[in-house]
Every structure is written in C-alpha cells, then in structure tokens.
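# A closer look at the structure
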Amino acid sequence: MNPFDVSSFMATGGLIGLCVLVFLETGVLVGFVFPGDSLLFTAGILAAQPDPYAPLWLPCVLVPLSAALGDQCGYFIGRRLGAGVLQGRVMRFIGPEPVDRTHRFFERYGPLTVFFGRFIGIVRTLVPLLAGFTRMRHRDFTVFSILGSAFWGAGIIVLGYLLGDVTIIAENIDLMIMASAATVIVPITVHLVRRGLARRRANRAEVSDDAEVSGDAGVSGEAATGSDERPVTARGH
C-alpha cells in the first residue's frame, strides 16, 4: 500500500487508530506528541472523497466520545497521583511553561478551561490532569469535557469535510498529511533545542558560581594564613 494512501489506511482500521490517538492525547501524558487538530482535519477531508473510509456521522460520534473518555482517564490519573503527577519524567520533559500556562487558564476561566483548553495544543493534554490534581468537581469537569470534545472533535472533522471538495486541497492530501506530521515534529524540535540551551546556560552559570566561591575561599585562606605569620628576628647572644 502506498505509504500516503491514507484513505485505504482509514478504511482498514484507521478510524479505530484515530480514536485511540485522540484518547491518548488527553488520557496519558505522552499525548502531547500527537497532532490532534491536523489528524481530525485530514480525517474530515478524506470523508469527503468519492470513496470515503466511513460516513461522516461515524467519526463525528466516535472521535468526541474518545476525547471525552480520554479526559476522564486523565482526570482520575491526576486525582490519584496528586502532586506526583507534576514531578514525573515526562512533565520534566514538557517543562514548566505549559504547566504554568494551564494554571493561568484555570485561574482566569475556572471550569471553562476544560472547554477552551480542548482547542489549545498541549494545554488539552494537561487540563484533565490538573483538574484532577486540584480536585475540581467531577460533575463540572465532565459537563465541560463533553461540550469541548463535541465542538472540537466533530467541529474540526466537519470543517475538513466542507473543505474536502476544494480542488487544491483534494489534490494535495499527501502534503496535508506531511504538514500534519510537521505540526508535531517542528514544535517538539524547537522545544528540545530551547530546553537544551537553557540547561546549558544554567550549567555554565552554576560552574561560574562555583568558581567564584572557590576563588573567594582561596583569597580568604591566604589572608588568614598571612595574618598568622610573625616576622622572624635574629636574637643576639
């Protein structure tokens, strides 16, 4: 099968794979590496083709359901692990900036963060975990999660479906798929480079501070040694 023949892939189980990826995007921390928006848009385009992998209503039902179930999984992981969820290796890889950004959303919008966070990249991965960690009322979380999952999941698929008849899009599906992959690869690469440079600067600053401390200690030692010395004079007999 042609590696870019996504219609065939979707028809032979790709819809299940799409639902699994959508679930993992918020159900576990590794989900931030998945290009959720681009995948859904591409799925909508493929549903508009002459030989669609499935009727439009099917992904519009299954994808939001998978997203809402992923939210529930992430919520209970955050509630179960508590503060430990912010101290894992994956969270250290993600870095403090997205976590701080999600906290600010919660402080500003409260429960509405669960709805709006669905439409913001890595924030949708962190929202269920932080909602569970902060013990947000489960009923409120579930209501906004279902609404957000429905508008996000079905909405992007329908948008892709409506644009699927546009000639330039229909004839360049392969480029759309590669662009989808780039939406993950490029940000992750930039993030890794920035984290690496920041870590290198921090290490250099630490080494510089240690050198200054050592130098100050050496000067203090010399001064102390010099203060104990007494001039030696010859005594006559």
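Here, the structure is the one placed above.
Below, the structure is looked at part by part. These numbers come from a predicted model, not from an experiment. (Residues numbered from 1 in each chain as written. Predicted model: local features only at pLDDT ≥ 70, side-chain atom pairs only at ≥ 80, totals over all residues. Heavy atoms only, no water.)

## Details of the packing of aromatic side chains
Here the structure, examined in full by the defined rule, presents seven aromatic pairs. In this structure an aromatic cluster arises from ring pairing among Phe 105, Tyr 109, Phe 115, Phe 116, Phe 119 and Phe 151. For Arg 118, the ring lying beneath its charged end belongs to Trp 152, and the centroid distance is 4.7 Å. (Phe/Tyr/Trp six-rings, centres within 6.5 Å; stacked < 30°, edge-to-face > 60°. Lys NZ or Arg CZ within 6 Å of the ring centre and 35° of its normal.)

## Some points on a nonpolar patch on the surface
A cluster of nonpolar residues, Phe 119, Val 143, Leu 147 and Phe 151, forms a patch on the protein surface that exposes about 370 Å² of accessible area. Tracing the chain through its elements places Val 143 in helix H8 (residues 138–163). On the accessibility criterion, Val 143 (42% relative accessible area) is partly exposed. (Patch = residues over 30% accessible without salt bridge, like charges linked within 9 Å, V, L, I, M, F, W, Y side chains within 5 Å. Areas by Shrake-Rupley, 256 points an atom, 1.4 Å probe, with all protein chains shown as cover. Salt bridge = Lys/Arg side-chain N within 4 Å of Asp/Glu carboxyl O. Helix = DSSP H or I, 4+ residues; strand = E, 2+ residues; numbered from the N terminus. Buried < 20%, exposed > 50% of the residue type's maximum accessible area, 1.4 Å probe, protein only.)

## Re the environment of Arg 80
For Arg 80, the position within the fold is in helix H3 (residues 57–81). For Arg 80 and Arg 135, which are 55 residues apart along the polypeptide, the C-alpha to C-alpha distance reads 9.9 Å.

## Describing the pattern of salt bridges
Considering all chains together, one arrives at four salt bridges under this definition. Across the pair Arg 124 and Glu 25 runs a salt bridge whose closest N-O atoms are separated by 3.0 Å. Here Arg 124 is found in helix H7 (residues 123–133), whereas its partner Glu 25 is found in helix H1 (residues 6–27), with 99 residues between them in sequence. A residue is classified by how much of its surface remains accessible, and Glu 25, at 2% relative accessible area, is buried. As a salt-bridge pair, Arg 118 and Asp 71 come within 3.0 Å of each other at their nearest N and O atoms. Pair noted here: Arg 118 is in the loop between helix H6 (112–116) and H7 and Asp 71 is in helix H3, with a separation of 47 residues, a long-range link. Given the relative accessible area of 3%, Asp 71 is considered buried. Connected through shared salt-bridge partners, Glu 25, Asp 37 and Arg 124 make up one network.

## What to know about helix H2 (residues 36–47)
With 12 residues, H2 should cover 16 Å at 1.5 Å per step; its first-to-last C-alpha distance of 17 Å lies within 8% of that length. Residues of H2 that are buried: Gly 36, Ser 38, Leu 40, Phe 41, Thr 42, Ala 43, Gly 44, Ile 45, Leu 46 and Ala 47. (Expected span 1.5 Å × (residues − 1).)

## Quick word on the nonpolar core
Judged by nonpolar contacts, the single largest core of 19 residues is most densely connected at Leu 15, Leu 18, Val 22, Leu 40, Tyr 53, Val 63 and Trp 152. Residue assignment for this core shows that the elements contributing at least two residues are H1, H2, H3 and H8. With six residues, the single largest contributor to this core is H2. Judged by nonpolar contacts, the second largest core, of 10 residues, contains Phe 106, Val 123, Ala 131 and Phe 141. (Core = buried A, V, L, I, M, F, W, Y, C linked by side-chain atoms within 4.5 Å.)

## A short note on the environment of Val 20
Inspection of the secondary structure puts Val 20 in helix H1. A relative accessible area of 42% places Val 20 in the partly exposed class. Residues Val 20 and Ala 67 lie 47 residues apart in sequence; the distance between their C-alpha atoms is 9.1 Å.

## Considerations on the packing of H3 against H7
When two helices pack together, you describe them by how their axes are tilted relative to each other and by the distance separating the axes. Orientation of H3 relative to H7, taken along the N-to-C sense of each, is 40°, at an axis distance of 6 Å. Regarding the angle of H3 to H7, the classification is oblique. Where H3 crosses over H7, the two elements pack in a sense that is right-handed. Judged by residue contacts, Asp 71, Gly 74, Tyr 75, Ile 77, Gly 78 and Arg 79 of H3 engage Pro 128, Leu 129, Ala 131, Gly 132 and Phe 133 from H7. Considering only residue class, the contact of H3 with H7 consists of six nonpolar, three polar and two charged. (Axes fitted to C-alpha atoms, helices over the stretch in contact; angles between N-to-C directions. Parallel < 35°, antiparallel > 145°, perpendicular 65-115°, else oblique. Left-handed = near helix turned anticlockwise from the far one by under 90°. Contact = heavy atoms within 4.5 Å. Nonpolar A, V, L, I, M, F, W, Y, C, P; charged D, E, K, R; others polar.)

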